[in-house]
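Now for the letters of each chain:
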Amino acid sequence: MKITFCCTDIKPGPWIEDLRAALPEAEVSVWQPGDPQADYALVWAPPQQFMDEQPGLKAMFNLGAGVDGLLRLKLPAGAAVVRIEDAGMAVQMAEYVCQAVIRHFREIDAYEAGMARGEWGFRKPRRRSDFPVGVMGLGVLGQRVARALAHFEFPVNGWSRSPRELEGITTYSGAQGFGDFLGASRVLVNLLPLTPDTRDILNADTFSRLLPGAYVINVARGDHLVEQDLIDQIDSGHLAGATLDVFRTEPLPADHAFRRHPRIKLTPHASARTLREDSLAQMIGKLQALARGEPLTGVVESHRGY
Ligand code: NAP
Ligand code: GLV
């Protein structure tokens, strides 16, 4: 079995070493233009040239949960695209979103600013029931985030493409459920895949349907968000602020308006990192399942875009 590694911005050394140790019978190498045909590939943001030169790939393992970058390319016709399912990402995402929601709900910024000014004073406790959280996307990550928020006793709403039942979560689905979902939510968390249906979904119309004083947390993709609409709605007071981990342009330019906005908190696409050991264990398990002719989970359905 020949495995090739073609990942932008990921150091290949440790991945190759671990793959060789786990699959001593496999031939594992870092892809170079002109290389011979491989059977399987580990990919992250590969160039089109890689796809053009590897038409015989049987499967590609994407080193992330989101496959929007890969689906922009023309892919080898017979290659299954397999994405990471959790592998240590879901707990990271739950931590990140809970800290953002709790930081906002408990007014930690205001407390910190007061302490920095030398003050000592309490703010009136807010009612958790006034901060229902809406989670867009109830897949591997969204479900974990929704459960973690419910654990902190926030009322939680969830929205997905097909109907889902989750204990303790009020669920909505499809275009017909979107308005009711938004109208019941004061904090909006985006965990949708980026597809033609979801691009620009965080826009002025969506924000205007949230409860007043709403807060936006985008941890999915930058192209979900219409940036100026967010700034306008925060500046008008309809939105209280936002926490953003993903951007239309990454790295976020040094002079971008988000960087100096007092009500927008930023991190550099770090909310849920790909963990090498966990991800490789999952991929190796799937490679072995493929070799035994067993069906896999996490295979992307290109017509859906995720
Ligand atoms: P997933 O398991 O595929 O879940 C996707 C969810 O979105 C599903 O519930 C799906 O509905 C729903 N959905 C898709 N299209 C929809 C639409 N048009 N309307 C309503 N719901 C829709 O994906 P995941 O593993 O949870 O990951 C989600 C995304 O998180 C990734 O695609 C990636 O962009 C992002 N991500 C970001 C980071 C980071 O560090 N910032 C890290 C990892 C992932 P159904 O349940 O009906 O299928
Ligand atoms: C990261 O953004 C991922 O899709 O895994």
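Throughout this description, residue numbers start from 1 for each chain and increase along the sequence as written. Throughout, the order in which chains and ligands are written sets their labels, letters from A for the former and numbers from 1 for the latter. Two thresholds apply to this predicted model, a pLDDT of at least 70 for residue-level local features and 80 or more for giving and counting side-chain atom pairs, whereas whole-chain, interface and lining totals are computed over all residues. Side-chain numbers here rest on the full set of heavy atoms in the structure, without hydrogens or water.

Draft legend 1. A look at the state of the cysteines. Working definition: a disulfide is two cysteine sulfur atoms within 2.5 Å of each other. For the structure shown, the criterion picks out 0 disulfides. No disulfide involves cysteine 6; its nearest neighbouring cysteine sulfur is the one of cysteine 7, lying 6.6 Å away. Note on cysteine 6: relative accessible area 8%, which makes it buried. For each residue, the accessible area found with a 1.4 Å probe, counting protein chains only, is set against the maximum for its type, and the residue is called buried under 20%, exposed over 50%, and partly exposed in between.

Draft legend 2. Layout of the site of ligand 2. In the vicinity of ligand 2, the contacting residues are Gly64, Ala65, Gly66, Met89, Arg221 and His269. Polar contacts, as counted here, are pairs of nitrogen or oxygen atoms within 3.5 Å of one another; within protein the pair requires one atom able to donate a hydrogen and one able to accept it, and residues that are adjacent in sequence qualify only if both atoms are side-chain atoms. In this structure, glycine 66 approaches ligand 2 through a main-chain N or O atom, which is 2.8 Å from an oxygen atom. Arginine 221 places a side-chain nitrogen or oxygen 2.8 Å from an oxygen atom of ligand 2. Throughout, the Shrake-Rupley method with a 1.4 Å probe supplies accessible areas, and for residues the shown protein chains are the sole cover considered. Here ligand 2 has 190 Å² of accessible area as a free molecule, and 86% of this is covered by the chains. Along the lines of polarity and charge, the residues of the shell around ligand 2 split into 2 nonpolar, 3 polar and 1 charged. Any residue with a heavy atom lying within 4 Å of a molecule or strand is counted as near it. Amino acid classes used here: Ala, Val, Leu, Ile, Met, Phe, Trp, Tyr, Cys and Pro are nonpolar; Asp, Glu, Lys and Arg are charged; the rest, including Gly, are polar.

Draft legend 3. Representation of the packing of helix H1 (residues 12-22) against helix H10 (residues 276-291) in the model. H10 packs onto H1 with a crossing angle of 40° between their chain directions and a minimal axis gap of 11 Å. One element, H1, and the other, H10, form an angle in the oblique class. Between H1 and H10 lies a crossing of right-handed hand. On H10, the residues that touch Pro14, Trp15, Asp18, Leu19 and Ala22 of H1 are Arg276, Ser279, Leu280 and Ile284. Residue classes in the contact of H1 with H10 are distributed as 6 nonpolar, 1 polar and 2 charged. For helices, the fitted axis covers only the stretch in contact; all axes are lines through C-alpha atoms, and the angles between them, taken along N-to-C directions, range from 0 to 180 degrees. Secondary structure elements are defined from DSSP: runs of H or I of at least 4 residues count as helices, runs of E of at least 2 residues count as strands, and each element is numbered from the N terminus. Any angle between 65 and 115 degrees counts as roughly perpendicular, while under 35 counts as roughly parallel, over 145 as roughly antiparallel, and the rest as oblique. Each crossing gets its handedness from the near helix: less than a right angle anticlockwise from the far helix is left-handed, clockwise is right-handed. Between two residues, a contact is recorded if the distance between any of their heavy atoms is within 4.5 Å.

Draft legend 4. The arrangement of the site of ligand 1 in detail. Close to ligand 1 lie 30 residues, the nearest being Arg83, Leu138, Ser162, Arg164 and Tyr306. Contact between ligand 1 and arginine 83: an oxygen atom at 2.8 Å from a side-chain N or O atom of the residue. Valine 140 places a polar main-chain atom, nitrogen or oxygen, 2.9 Å from an oxygen atom of ligand 1. Out of a free accessible area of 940 Å², ligand 1 has 94% covered by protein chains. Elements supplying a minimum of two residues to the shell around ligand 1: helix H4 (89-105), helix H6 (140-151) and strand S7 (156-160). At 3 residues, the largest contribution of residues to the shell around ligand 1 is made by H6. Looking at the shell around ligand 1 residue by residue, the class counts come to 15 nonpolar, 9 polar and 6 charged. Both domain 1 (2-87 + 274-291) and domain 2 (89-266) contribute no fewer than three residues apiece to the shell around ligand 1. Domains are outlined according to an automatic or database domain assignment.

Draft legend 5. The packing of H4 against H6, seen in detail. Remark: H4 packs on H6, axes separated minimally by 8 Å, with the N-to-C direction vectors making an angle of 45°. By the criterion of interaxial angle, the relationship of H4 to H6 is oblique. The handedness of the crossing between H4 and H6 is right-handed. Here Met89, Ala90, Val91, Met93, Ala94, Val97, Cys98 and Val101 of H4 lie close against H6, whose contacting residues are Val140, Leu141, Arg144, Val145, Ala148 and Leu149. Split into classes, the residues belonging to the contact of H4 with H6 amount to 13 nonpolar, no polar and 1 charged.

Draft legend 6. Seen up close, the packing of aromatic side chains. Pairing of aromatic rings covers Phe, Tyr and Trp, the last through its six-membered ring, and needs centres within 6.5 Å; plane angles under 30 degrees mean stacked, over 60 mean edge-to-face, and all others mean tilted. Per the counting criterion, the structure on display carries 9 aromatic pairs. Summarising the aromatic geometry, the rings of tyrosine 172 and phenylalanine 181 are spaced 5.9 Å apart at their centres and angled 65° between planes, so their arrangement reads as edge-to-face. For the pair shown, tyrosine 172 and phenylalanine 181 are each scored as buried. Taken together, a centroid distance of 6.4 Å and an interplanar angle of 15° make the contact between phenylalanine 178 and phenylalanine 181 stacked. Of the two residues, phenylalanine 178 and phenylalanine 181 are both situated in helix H7 (residues 174-183); the distance of 3 residues between them amounts to about one turn of the helix. Both residues of the pair, phenylalanine 178 and phenylalanine 181, belong to the buried class. Here a set of aromatic residues connected by ring pairs shows up, and it is made of Trp159, Tyr172, Phe178 and Phe181.

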